[in-house]
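Now for the letters of each chain:
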Amino acid sequence: PTTTSFNLDMKNTIGGKVTIRVMDMQGRVVKLYNMDVADRMNFGSDIKSGSYMVEIIQGGKKSVQRLMKF
């Protein structure tokens, strides 16, 4: 949980681009980002308080995490 923003630190040896989708709990995309694997990303300072899901997609792999902002 946070009151300001979230940090995403990509540490993966596969390489290539990563797509990050921030969605509300109804599945609507709130933000969409593309980044390189070696990047660190700070996001969420411009979204309202609430629960979100962040979907990280690279190649054929996908990871979904739940985020909370107060």
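Residues numbered from 1 in each chain as written. Predicted model: local features only at pLDDT ≥ 70, side-chain atom pairs only at ≥ 80, totals over all residues. Heavy atoms only, no water.

A. How the structure looks around the packing of aromatic side chains. The final tally for this structure, using the stated rule, is 2 aromatic pairs. Taken together, a centroid distance of 5.7 Å and an interplanar angle of 35 degrees make the contact between Phe6 and Phe43 tilted. Here the residue Phe6 occupies a position in strand β1 (residues 6-9), and Phe43 occupies one in strand β4 (residues 40-43), the gap between them amounting to 37 residues. Across the pair, exposure class does not vary: Phe6 and Phe43 are buried alike. Look at Tyr33 and Phe43: their rings are 5.9 Å apart centre to centre, the planes differ by 50 degrees, and that puts the pair in the tilted class. Of this pair, Tyr33 sits in strand β3 (residues 29-36) while Phe43 sits in strand β4, and the two are 10 residues apart along the sequence. Taken together through their ring pairs, the aromatic side chains of Phe6, Tyr33 and Phe43 make up a single cluster. (Phe/Tyr/Trp six-rings, centres within 6.5 Å; stacked < 30°, edge-to-face > 60°. Helix = DSSP H or I, 4+ residues; strand = E, 2+ residues; numbered from the N terminus. Buried < 20%, exposed > 50% of the residue type's maximum accessible area, 1.4 Å probe, protein only.)

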